[in-house]
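Below are the chains, spelled out letter by letter.
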Amino acid sequence: MKLIACVDDKMGMMFHRRRQSRDRAVIENIVNMCGDARLWIAPESEPLLKETDASLGIAEDFLNRAGEGEYCLVETWPEQLSERFCEEYVETLILYHWNRSYPADQFFPLDLQRWQLNTAEEFAGTSHEHIRKEIYDKKAEER
């Protein structure tokens, strides 16, 4: 699977159930990137994507349903997403970084040193002037 997350400068993902992924330009970028591939999400993420033409899979156990080459958007960090789970099932990691820090009570916990930055691009969002999209692959020795 290809795992997508939105983070701030301190790797925060959420604060008091307020998610970092509410930017229309980011959602549009995710939908375009996924193309015809299925994008798996949790039911609480549906409001972000229901009016897009993304091929959505919506389920509580969305991480278990995603197959090779399919995408998963995580807005919180489920306990299931351990380093071991990611080593086994995540082929690509896609991070959208805001260019500022917010208060956070949920953080992105993966050690990025185990991943190889493949590409990075910046674009203007609708809520943030600068958004950086980073795409990581597993380092060769981790495969």
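Residues numbered from 1 in each chain as written. Predicted model: local features only at pLDDT ≥ 70, side-chain atom pairs only at ≥ 80, totals over all residues. Heavy atoms only, no water.

Participant: Explain the overall build of the protein chain to me, please; I cannot follow it from the model alone.
Facilitator: When helices and strands are tallied, the protein chain shows four helices and ten strands. Reading the protein chain from its N terminus to its C terminus gives the helix and strand order β-β-β-α-β-α-β-α-β-α-β-β-β-β. Out of the 143 residues in the protein chain, the part that is buried amounts to 45%. If you take every contact in the protein chain between residues at least 6 apart in sequence, the share linking residues at least 24 apart comes to 65%. When the accessible surface of the protein chain is split by element, carbon and sulfur atoms take 43% of a total near 7,900 Å². The positive charge centre, built from 18 side chains, and the negative charge centre, built from 28, are 2 Å apart in the protein chain. (Helix = DSSP H or I, 4+ residues; strand = E, 2+ residues; numbered from the N terminus. Buried < 20%, exposed > 50% of the residue type's maximum accessible area, 1.4 Å probe, protein only. Contact = heavy atoms within 4.5 Å. Areas by Shrake-Rupley, 256 points an atom, 1.4 Å probe, with all protein chains shown as cover. Lys, Arg positive; Asp, Glu negative; His and termini not counted. Charge placed at Lys NZ, Arg CZ, Asp CG, Glu CD.)

Participant: Mind showing me how you'd approach the side chain of Glu134 here?
Facilitator: Along the polypeptide, Glu134 turns up in strand β10 (residues 131-138). What makes Glu134 buried here is its relative accessible area of 8%. Reaching out from Glu134, the side chain makes a polar contact with the side chain of His97 at a distance of 2.8 Å. Among the polar contacts made by the side chain of Glu134, one reaches the side chain of Arg132 at a distance of 2.7 Å. Discounting residues that sit within four places of it in the chain, Glu134 has contacts with Leu93, Ile94, Leu95, His97, Leu117, Thr119 and Ala120. (Polar contact = N/O pair within 3.5 Å; in protein donor to acceptor, adjacent residues only side chain to side chain.)

Participant: Any chance you could explain the environment of Leu112 here in plain terms?
Facilitator: By secondary structure assignment, the location of Leu112 is in the loop between β8 (106-107) and β9 (115-123). Along the primary structure Leu112 and Leu93 are separated by 19 residues, whereas in three dimensions their C-alpha atoms are 9.5 Å apart.

Participant: Help me understand the sheet that holds strand β1 (residues 2-7), please; the structure alone is not making it clear to me.
Facilitator: Hydrogen bonds between backbone atoms are what pair the strands of a sheet, whose relative direction is either parallel or antiparallel. Taken together, the seven strands give an open sheet; going across it, the order is β5-β4-β6-β1-β7-β10-β9, and neighbouring strands pair in mixed fashion. Strands at the two margins of the open sheet, each flanked by one partner only, are β5 (55-58) and β9. The average undirected angle you get between the axes of adjacent strands in this sheet is 25°. When strand β4 (residues 38-41) meets β5, the two strands line up parallel, connected through four bridges. Bridge pairing in β5 places Arg38 opposite Ser55. Contacts from helix α1 (residues 24-34) reach β1, β4, β6 (71-73), β7 (92-98), β9 and β10 within the one sheet, and its direction differs from that of β7 by about 160°. (Pairing = 2+ DSSP bridges. Axes fitted to C-alpha atoms, helices over the stretch in contact; angles between N-to-C directions.)

Participant: Would you take a moment to explain the pattern of salt bridges for this structure?
Facilitator: Should the charged atoms of two oppositely charged side chains come close, the side chains can pair. Under the criterion given, the structure shown has five salt bridges. For Glu87, the salt bridge identified is with Arg114, shortest N-O distance 3.0 Å. Taken together, the positions of Glu87 in helix α4 (residues 83-89) and Arg114 in the loop between β8 and β9 put the pair 27 residues apart, joining distant regions of the chain. The class for Glu87 is partly exposed, based on a relative accessible area of 35%. Two residues, Glu134 and Arg132, come together in a salt bridge whose shortest N-O distance is 2.7 Å. Judged by relative accessible area, which is 30%, Arg132 ranks as partly exposed. One network of salt bridges, in which partners are shared, links Glu83, Glu87 and Arg114. (Salt bridge = Lys/Arg side-chain N within 4 Å of Asp/Glu carboxyl O.)

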